[in-house]
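# Coordinate inspection notes
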Amino acid sequence: MTNKQIITIAGGGSTYTPGIIQAVLNNADRLPLSEIRLYDIDAERNADMYLIIQYMLKKEGFKDVVISSTEDPETAFTGCDFIFSQIRVGGMKMREKDEKIPLRHGLVGQETCGLGGFAYGMRSMSGLLEIVGYVQQYAPDAWILNYTNPESIVSEAVRRQYPQAKMINACDMTISIEETIAVNYGYDRKNWIPTYYGLNHFGWYTSIYDKELKEDIMPELIEKLNTQEMQVADFNAGDKTWQEAFSMMSVITKSFPQHIPNNYLEYYLYPNMVVEHSDKNYTRANMVMEGREKNTKEMAEKIRGGATEDVLNFNFGEHGQYIVDMATSLLNDERQRFMLIVPNQGAIPNLRSDAVVEVPAYVGATGVEPIALREPICDFHKGLMEAQVAAEKLLVDAYFEGSYQKALQAFTLNQTVPNAQVAKKVLDEMIEANKEFWPELV
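Residues numbered from 1 in each chain as written. Predicted model: local features only at pLDDT ≥ 70, side-chain atom pairs only at ≥ 80, totals over all residues. Heavy atoms only, no water.

Filter applied, for reference: UniProt positions are given in the numbering used here, feature names are shortened, and annotations may be inferred rather than shown by experiment.
In the nomenclature of an unreviewed UniProt entry, the chain corresponds to Maltose-6'-phosphate glucosidase from the organism Candidatus Enterococcus murrayae. UniProt annotates the chain under Sequence similarities (unreviewed entry) with the comment "Belongs to the glycosyl hydrolase 4 family."

## Structural notes on the overall build of the chain
What counts is decided by this rule: Starting at the N terminus, helices and strands are each numbered in turn, a helix being any DSSP run of H or I of at least four residues and a strand any DSSP run of E of at least two. Within these notes, the globule rule equals 2.2 Å times the number of residues to the 0.38 power, and the radius of gyration is based on C-alpha atoms. Any two residues whose heavy atoms approach within 4.5 Å at even a single point are treated as in contact. The Shrake-Rupley method, run with a 1.4 Å probe sphere, supplies the accessible areas, and residue values consider only the shown protein chains as cover.
Of the regular secondary structure elements, the chain holds 16 helices and 13 strands. For 442 residues, the compact-globule estimate of 2.2 N^0.38 gives 22 Å, and the C-alpha radius of gyration of the chain, at 21 Å, lies within 12% of that figure. Oriented by its inertia axes, the alpha-carbon framework of the chain measures out at about 55 × 55 × 40 Å. Look at the contacts in the chain between residues 6 or more apart in sequence, and 72% of them connect residues 24 or more apart. Looking at the chain as shown, the accessible area adds up to about 18,100 Å², and 48% of this sits on carbon and sulfur atoms.

## Points about helix α9 (residues 240-255)
Using the following cut-off: To estimate how far a helix should reach, multiply one less than its number of residues by 1.5 Å.
Helix length check: α9 (16 residues) gives 23 Å between terminal C-alpha atoms against 22 Å at 1.5 Å per residue, within 8%. Among the structural elements, α7 (173-185), α8 (218-227), β10 (260-261), α10 (266-269), α11 (271-276) and α12 (284-304) are those in contact with the buried residues of α9.

## As for the packing of helix α5 (residues 114-138) against helix α6 (residues 151-161)
How we decide: For every element, the axis is a line fit to its C-alpha atoms; helices are fit only across the contacting stretch, and the angle between N-to-C directions ranges from 0 to 180 degrees. Between 65 and 115 degrees an angle is taken as roughly perpendicular, under 35 as roughly parallel, over 145 as roughly antiparallel, and anywhere else as oblique. It is the rotation of the near helix from the far one that decides the hand of a crossing: anticlockwise by less than a right angle makes it left-handed, clockwise makes it right-handed.
Running from amino to carboxyl end, α5 crosses α6 at an angle of 40 degrees, the nearest separation of the two axes being 9 Å. Considered as vectors, α5 and α6 are oriented oblique to each other. As for the relative orientation of α5 and α6, their crossing is right-handed in sense. Judged by residue contacts, G117, F118, G121, S124, M125, L128, L129 and V132 of α5 engage I153, V154, A157, V158 and Q161 from α6.

## Describing the pairing of strand β11 (residues 336-343)
Successive residues of a regular strand alternate their side chains across the two faces of the sheet. Counted only if it meets this: Whether two strands pair comes down to DSSP finding at least two bridges between them.
One ladder, built from 2 bridges, connects strand β6 (residues 167-170) with β11; its direction is antiparallel. Its bridge partner being in β11, N169 is matched across the sheet by I341.

## A short note on the packing of helix α15 (residues 404-413) against helix α16 (residues 420-433)
Defined as follows: Gly is put with the polar residues, along with every residue not named as nonpolar or charged; the nonpolar set is Ala, Val, Leu, Ile, Met, Phe, Trp, Tyr, Cys and Pro, and the charged set is Asp, Glu, Lys and Arg.
Contact pair α15 / α16: the axes reach a minimum separation of 9 Å and the direction vectors enclose 125 degrees. The pairing of α15 with α16 is recorded here as oblique in orientation. Judged by the twist between their axes, the crossing of α15 over α16 is right-handed. Residue-level inspection shows Y404, A407, L408, F411 and T412 of α15 in contact with α16, the latter providing A420, A423, K424, V426, L427, D428, M430 and I431. Split by residue class, the contact of α15 with α16 holds 10 nonpolar, 1 polar and 2 charged.

## Section: the pattern of salt bridges
The cut-off we apply is this: In the sections that follow, a salt bridge refers to a side-chain nitrogen of Lys or Arg positioned within 4 Å of a carboxyl oxygen of Asp or Glu. Exposure is judged per residue with a 1.4 Å probe applied to protein chains only, and the accessible area is read against the type maximum: over 50% gives exposed, under 20% gives buried, and values in between give partly exposed.
Enumeration according to the criterion identifies 28 salt bridges in this entry. Here K297 ties to D48 by a salt bridge, and the two come within 2.8 Å at their closest N and O atoms. Taken together, the residues K297 in helix α12 and D48 in helix α2 (residues 43-60) connect sequence positions 249 residues apart. Assessed through its relative accessible area of 30%, K297 is described here as partly exposed. Here R88 ties to E111 by a salt bridge, and the two come within 2.8 Å at their closest N and O atoms.

## Focus: the nonpolar core
Quick reminder of the rule: Think of a nonpolar core as a cluster: buried Ala, Val, Leu, Ile, Met, Phe, Trp, Tyr and Cys residues, connected wherever their side-chain atoms sit within 4.5 Å.
The biggest cluster of nonpolar side chains holds 96 residues, and the ones touching the most others in it are I53, F84 and I260. For this core, the element with the most residues is α2, which contributes 7 residues. Apart from the residues lying within four places of it in its own chain, the contact partners of I53 are T17, P18, I21, I36, L38 and I67. Among the nonpolar cores identified, the runner-up in size contains 53 residues, and M122, A139, Y399 and W438 belong to it.

So this is what it looks like as structure tokens:
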């Protein structure tokens, strides 16, 4: 019988925490639970989430599960079995700057892509390295399942400083893409075995084998994408930005019909179109603050006021289930298949071996086993990826070396940036905006 597990959520005050906890509770037979710890440096957000999770446990009948919230790392991590990491260093206020500063200069303003993503990456490295350091100190045998963005950048940083850390880096975007395609075109995603390669938020499907149909359905999916524009699935319903993102997938496949793209590629292939349709004064960060953030605060206030019905109001699709499936696959040696962010080491045969790539991998009791591609990738994708890998590695160099020159090189090489002049202007503004969070660059 599997021992009951202690789970710590780093970034416990996140609006995604209820979705993760719901997935944990729904899978209690595979992931038996004794304790949930919410760890966050924002005491107010953590207190709100504590109330919400406490309410969920009571409502679902999990009376024996201990719930706690803390800002103390020793209390949070000592003796825990799994850490689900979803921290956002600087919160939504800094995300707003990540998005609006590049837009002021006519560049893509996005939280994980472009120069906003690089600014966020510089903050995230410090935050996540701190978390991993605490785990090495207080729970060295625990698995860290990381959702903290930007995944490729933070994965590279952790690999350099803590190569022994038991950490799996994952992004649920591929699952969201697959689920949206399946819902739109009448398939069951559970029958799919997808093959995919790239960097995080920067990749392509090469095949999607349907076990029930016993064939690769990629050609017909691409045809449908080119003739029937997708609508967002229910977990993104009512969100204009996600509808635009999935609409852009059809734009990409019409120009490059050999593969199904990750829809984040719009920021690199069509940055001009993205900027043209962006509101420089009201970005995605504002939408989240007025949407998910406000909604979570209202749920906590209802509980404080004694409400017992119609309190919970969230739908995060596969986000929570995906990370829970990783935990159960580790715990029970289920050897499930995921899209994971891993050191390349030959998984993509003609890409530099030290790249951090996103490819299919099996997860079992001993950790991650990436699945290598059978063929080299095409020059178009390789060229795009090589440039992005170099830019990301330069950014990580800049963080560890405190190098302004490496940071400028990284900003200049980012493929959303047309020239070094604008790269320097944005970098200098980002340095000023991030004084509290970035290392000093000289």
